[in-house]
Amino acid sequence: MSELHKFLFEGLPVRGMIVRLTDAWTEILRRRSSNTGTGAYPVPVSELLGEMAAAGVLMQSNIKFNGALVLQVFGDGPVKVAVAEVQSDLGLRATATLVGEVPEGARLSQMVNVGGGGRCAITLDPKDRHPGQQPYQGVVPLHGDRHEKLEKLSDVLQHYMLQSEQLDTVLVLGANDQVAAGLLIQRMPVKGEGNLAGESLSHRENEDQIGRNEDYNRIAHLAASLTREELLTLDVDTILRRLFWEEKLLRFEPQQGGSGPRFACTCSRERVGNMLRNLGAEEAESILAERETIEVGCEFCGQQYRFDAVDAAQLFVPSSASQPPGPSGLH
């Protein structure tokens, strides 16, 4: 079961989180690989997407925001865009759009930043927008301060956190075909909440503390020693014991199941059925005459929904109850 663990270093201005996506992550991969039109993601793409999903959960859990956090990486490589979306209740989904061949063992720059124009965007989309309210978005390039190409998503996001919140952050991310996981260690703001959600914060005070807190520097050094293999194979208790056995941790109740990270996409067979009703019986029959079955795939998660002649006919059987209008498209 996917899980999120939060903890504080007692008496120190440092907080941390570990996320392990198991069933939530394998469901994302299963839907994509079972799609006959796309097939499975190339390994480098699935690893990037898994890291994005884990990072999205960590970042969403780090702020007080009622809405969706959308993490995007896009550029001019064979991966046109990769997206991870995490709701405030930790429901998540992820997808990537490919426009070319992804080489085996491809790194971040080879996938999305070939010409140096790659970007990482973090968007906060409020659940209940006020009239005229726009989503908050922050964008950073996929290169460092010396314009060197960054090859790890964790480096990109650490750079983002320094620029947007003036907070020292260490991220360790990893993903394979079974687990997507992440460790976040962050120096807590001098006062107030982080400004990722547009809240007020003394930027100058936080900026003045960058790199200067000895307690954070010590803990960050320990966190950075965690390897990808350890992150993906060890349980949370073992990781925390190995890294911080000399520190006093205040741990919170793990978030699992209904309160934890889990796969959630807005598509469903019912929504697809409503969309086909909107097309009309004549159009549905025309498609069936050509293909024998109607196949509709969710553009986000890749799940395919199939309707044969019997299924389609049932959609147009008159009902005594009025049928609510369906969506005009599937998102």
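Because the structure is a prediction, the values reported are computed rather than measured.

K.L.:
Can you help me understand the overall build of the protein chain in this one?
P.N.:
From N to C terminus, the protein chain includes 11 helices and 14 strands. By residue count, 50% of the 331 residues in the protein chain fall in the buried class. Expressed as a percentage of contacts within the protein chain between residues at least 6 apart in sequence, the contacts between residues at least 24 apart total 64%. Counting only carbon and sulfur atoms, one obtains 47% of the accessible surface of the protein chain, whose full area is about 16,400 Å².

K.L.:
Please clarify how the confidence of the model for the protein chain should be interpreted in this entry.
P.N.:
A low pLDDT means the predicted coordinates there should not be read in detail. Model confidence for the protein chain is summarised by a mean pLDDT of 86, while 89% of its residues fall at 70 or above. For residues 192–202, every residue scores under 50 in pLDDT, and the model assigns this stretch 27 contacts once sequence neighbours within four places are set aside. Note on residues 320–324: pLDDT is under 50 here. Beyond four places in sequence and across chains, it has 2 contacts.

K.L.:
Can you help me understand the environment of Gly138 in this one?
P.N.:
With respect to the helices and strands, the residue Gly138 is situated in strand S7 (residues 136–141). Residue class for Gly138 comes out buried when judged on its relative accessible area of 10%. Separated by 25 residues in sequence, Gly138 and Gln163 place their C-alpha atoms 9.6 Å apart.

K.L.:
Looking at this structure, how should I read the packing of aromatic side chains?
P.N.:
The relation between two aromatic rings is expressed through the spacing of the ring centres and the mutual angle of the planes. For the coordinates displayed, the defined rule picks out 3 aromatic pairs. Summarising the aromatic geometry, the rings of Phe7 and Phe9 are spaced 5.8 Å apart at their centres and angled 70 degrees between planes, so their arrangement reads as edge-to-face. When sorted by exposure, Phe7 lands in the same class as Phe9, which is buried. Measuring from centroid to centroid gives 6.4 Å for Phe7 and Phe244, while their planes differ by 45 degrees, and the two rings are tilted. Of the two residues, Phe7 sits in strand S1 (residues 3–9) while Phe244 sits in helix H8 (residues 236–244), which places them 237 residues apart along the sequence. One aromatic cluster in this structure is built from Phe7, Phe9 and Phe244. Directly above the ring of Phe300 sits Arg93, whose terminal nitrogen or CZ lies 3.9 Å from the centroid. In this structure, Arg269 is placed above the aromatic ring of Phe307, and the distance from its NZ or CZ to the ring centre is 4.1 Å.

K.L.:
Can you help me understand the packing of helix H2 (residues 43–61) against helix H4 (residues 153–165) in this one?
P.N.:
A pair of packed helices is captured by two measures, namely the crossing angle of their axes and the spacing between those axes. At a minimum axis separation of 10 Å, H2 and H4 run at an interaxial angle of 30 degrees. One element, H2, and the other, H4, form an angle in the roughly parallel class. At the point where H2 passes H4, the crossing takes the right-handed sense. Two secondary-structure elements touch here, H2 through Leu48, Glu51, Met52, Ala55 and Met59 and H4 through Leu153, Leu157, Tyr160 and Met161. The class makeup of the residues in the contact of H2 with H4 is 8 nonpolar, no polar and 1 charged.

K.L.:
Sorry if this is basic, but what is going on with unusual backbone geometry here?
P.N.:
Across residues other than glycine, the phi torsion is negative in most instances, and most of the peptide bonds are trans. The backbone phi angle of Leu90 is positive, close to 75 degrees, even though this residue is not glycine. Its place among the elements puts Leu90 in the loop between strand S4 (79–86) and strand S5 (91–98). One non-glycine residue, His147, lies in positive phi territory at about 65 degrees. Looking at the element boundaries, His147 is found in the loop between S7 and H4.

K.L.:
Quick question: what am I supposed to make of H2 here?
P.N.:
Think of an α-helix as turning once every 3.6 residues; residues three or four places apart then point the same way. Its 19 residues give H2 an end-to-end C-alpha distance of 27 Å, which sits within 8% of 27 Å, the value for a rise of 1.5 Å per residue. With 17 of 19 residues buried, H2 is to be regarded as a mostly interior element.

K.L.:
I'm lost on a negative patch on the surface in this one. Help?
P.N.:
Judged by side-chain charge, Glu282, Glu283, Glu285 and Glu290 come together as a negatively charged surface patch. Overall, the relative accessible area of 64% leaves Glu290 in the exposed class.

K.L.:
Please explain the pairing of S5 as it appears in this structure.
P.N.:
Along any regular strand the residues' side chains alternate between the sheet's two faces. Burial analysis of S5 places 6 of its 8 residues in the buried class, which makes it a mostly covered element. Across 7 bridges, S4 lies against S5 in antiparallel orientation. Bridged to Val83 within S5 is Thr95. Here S4 hands over to S5 after 4 residues, with Leu90 in that stretch at a positive phi of 75 degrees.

Conventions adopted
Residues numbered from 1 in each chain as written. Predicted model: local features only at pLDDT ≥ 70, side-chain atom pairs only at ≥ 80, totals over all residues. Heavy atoms only, no water. Helix = DSSP H or I, 4+ residues; strand = E, 2+ residues; numbered from the N terminus. Buried < 20%, exposed > 50% of the residue type's maximum accessible area, 1.4 Å probe, protein only. Contact = heavy atoms within 4.5 Å. Areas by Shrake-Rupley, 256 points an atom, 1.4 Å probe, with all protein chains shown as cover. pLDDT = per-residue confidence, 0-100. Phe/Tyr/Trp six-rings, centres within 6.5 Å; stacked < 30°, edge-to-face > 60°. Lys NZ or Arg CZ within 6 Å of the ring centre and 35° of its normal. Axes fitted to C-alpha atoms, helices over the stretch in contact; angles between N-to-C directions. Parallel < 35°, antiparallel > 145°, perpendicular 65-115°, else oblique. Left-handed = near helix turned anticlockwise from the far one by under 90°. Nonpolar A, V, L, I, M, F, W, Y, C, P; charged D, E, K, R; others polar. Expected span 1.5 Å × (residues − 1). Patch = residues over 30% accessible without salt bridge, like charges linked within 9 Å, V, L, I, M, F, W, Y side chains within 5 Å. Salt bridge = Lys/Arg side-chain N within 4 Å of Asp/Glu carboxyl O. Lys, Arg positive; Asp, Glu negative; His and termini not counted. Charge placed at Lys NZ, Arg CZ, Asp CG, Glu CD. Pairing = 2+ DSSP bridges.

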